[in-house]
Amino acid sequence: MNEEILAGLMQAIQLSSLMATGIGALLGLVVGMIPGLTISAGIIIVLPLTFVLSPAISIALLLGLYAGGMMGGSFSAILLNIPGTPSASATALDGYPLTVKGEAGRALGVSILASFVGGIFSFFCLYFIAPSLANLALEFRTQDLFSLVFFGLTVICSFAAKSLIKGLLSGVIGLIIVTVGQDPVMGTARFTFGDANMLSGIHFLTAMIGLFAIPQMMESLLEIRQVSNKPLPGAGFGRIFPKFSDLKAMRFPAAIGAFVGTFIGILPGAGGPIAAFISYDYAKKISSKPNEFGEGSVEGIAAPEAANNAVTGGALIPMMTLGIPGDPVTAILIGALLVHGLAPGPMLFLEQADFAYTIIFSFFIANVFNLLIAMAGLKFLVKVLSAPKSILLPTIALLCVIGSYALRNSFFDIYVMFFFGLIGIAMRWLKMPVVPLLLALVLGRQLEEHLRVSLTSSKGDISVFFTSPFSVLFLCLSLVSILWPFVIERRKKLATK
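Reading the values: rules and limits
Residues numbered from 1 in each chain as written. Predicted model: local features only at pLDDT ≥ 70, side-chain atom pairs only at ≥ 80, totals over all residues. Heavy atoms only, no water. Helix = DSSP H or I, 4+ residues; strand = E, 2+ residues; numbered from the N terminus. Axes fitted to C-alpha atoms, helices over the stretch in contact; angles between N-to-C directions. Left-handed = near helix turned anticlockwise from the far one by under 90°. Contact = heavy atoms within 4.5 Å. Nonpolar A, V, L, I, M, F, W, Y, C, P; charged D, E, K, R; others polar. Phe/Tyr/Trp six-rings, centres within 6.5 Å; stacked < 30°, edge-to-face > 60°. Buried < 20%, exposed > 50% of the residue type's maximum accessible area, 1.4 Å probe, protein only. Lys NZ or Arg CZ within 6 Å of the ring centre and 35° of its normal.

### Quick word on unusual backbone geometry
Item 1. Residues other than glycine seldom take positive phi values, yet Phe-191 does so here, at roughly 55°.
Item 2. Considering the arrangement of structural elements, one finds Phe-191 in the loop between strand S2 (189-190) and helix H11 (204-226).
Item 3. The backbone of Lys-431 shows a phi angle near 60°, a positive value even though the residue is not glycine.
Item 4. As for its position among the elements, Lys-431 is in the loop between helix H19 (411-429) and helix H20 (435-457).

### Examining the packing of helix H12 (residues 244-266) against helix H13 (residues 272-286)
Item 1. Two elements in contact, H12 and H13, have axes whose closest approach is 9 Å; the angle formed by their N-to-C orientations is 145°. Two packed elements cross with a definite hand, and for H12 against H13 that hand is right-handed. Counting all contacts with H12, which are made through Phe-252, Pro-253, Ile-256, Gly-257, Val-260, Gly-261 and Ile-264, the residues of H13 involved are Ile-274, Ala-275, Ile-278, Ser-279, Tyr-282, Ala-283 and Ile-286.
Item 2. Considering only residue class, the contact of H12 with H13 consists of 11 nonpolar, 3 polar and no charged.

### A closer look at the packing of aromatic side chains
Item 1. All chains considered together, the criterion is met by 12 aromatic pairs.
Item 2. Ring centres of Phe-419 and Phe-420 lie 5.7 Å apart, and the angle between their planes is 85°; this geometry places the pair in the edge-to-face category.
Item 3. Judged by relative accessible area, Phe-420 falls into the buried class, the value being 2%.
Item 4. Cluster of aromatic residues (ring-pair linked, three or more members): Phe-123, Phe-124, Tyr-127, Phe-128, Tyr-357, Phe-361 and Phe-364.
Item 5. Between Lys-285 and the ring centre of Tyr-282, over which it is positioned, the NZ or CZ distance is 4.9 Å.

The structure is reproduced here in structure tokens:
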């Protein structure tokens, strides 16, 4: 171990740094659980406190909050079917069904352990191969990023297996909603109807809160009226640490999620949701029990949870080695470092190598604290299900309203949240899948921006998407993703004959 690595490790394990990491992890778990209160918002709230702290303590606090927030988002997704973070949307697909079955502890235990695995895997990538991976991501051009985002959108076909028409219609609605606001290339207003509030478009998190929270609360209210003495799901959640059979079942999905999450995290702007859904999709494809996905599959929890925590380490790679933020949180972290006179980029490892390794080791410690705090505090967190729904539901509604308003300090976002709540209720009534709309909202703007920039630079020549090896690779994977549900359906029909 050379001198810089040792110096970085010593800074990261100082008592003050360890305390900051632990506090950050606890705050992150709480922030991640609260629908609408994003990790970015949590870090922005804490950021002024770091101005009077040393750089090592500041980065330890922020990294703890970053990693903890990604893990915490799954808690509300599993317990209440309301994802605390966008990345946790995929976790809710199988996490909440297990809670309904009275296995909330099992679902949370798998989630916590998979998150830890994803975070540690991304740490090793950050530690060993950061420069080479960052250089690979830097070579991606707009056509490659378009193909990657398009590949993410093809996951819609897997979630629309029961009704392809309804699934595609849900995705199209999402893409139409994304066009509201300013043109990403020209900056002109589109479909704003003269309302200044519409210029900034529909915030994804506002829509997500409405799509998930409002229908869930309405369903819970109906359950209160129909069966007033019905036991709350997950009230007896049993053991926390996964059984050996669960550990065996989750090993491949967690590995897929860790690898995909780290790779996607390296790509600037790709983000956690695409990694979580792609991991979920491919875990389903390799699973020996794909029919259990969506009904409470351990594999369906492990893959997206490993992915969304692996994204954190992946996003730190371009931030540290190239000065390019991998996601909004790392953009804020760059600002925090600049306040302390530290400029992320290739020179960081040359001029401040000890501090660069402090960041890396602090990230590792943050993941360890997440595991310990989440496991130790899980029983207390799960008790939220034991609260009377007459208290729980108004509290959730209030948090949703506060979270929607806090995103941009606008009452308009509250109206948007309730509007999407009505859309979510209508989609449940029509039995339309919500996930395709969600994916379109997450990826639609990136898809349009990369498409238009690519076509502009090539003067309208679509062959630009077939000349880059990265673009061709992602397009081929997209074709496989589109055709796979039809192949599975045909196999089922042949098997029944």
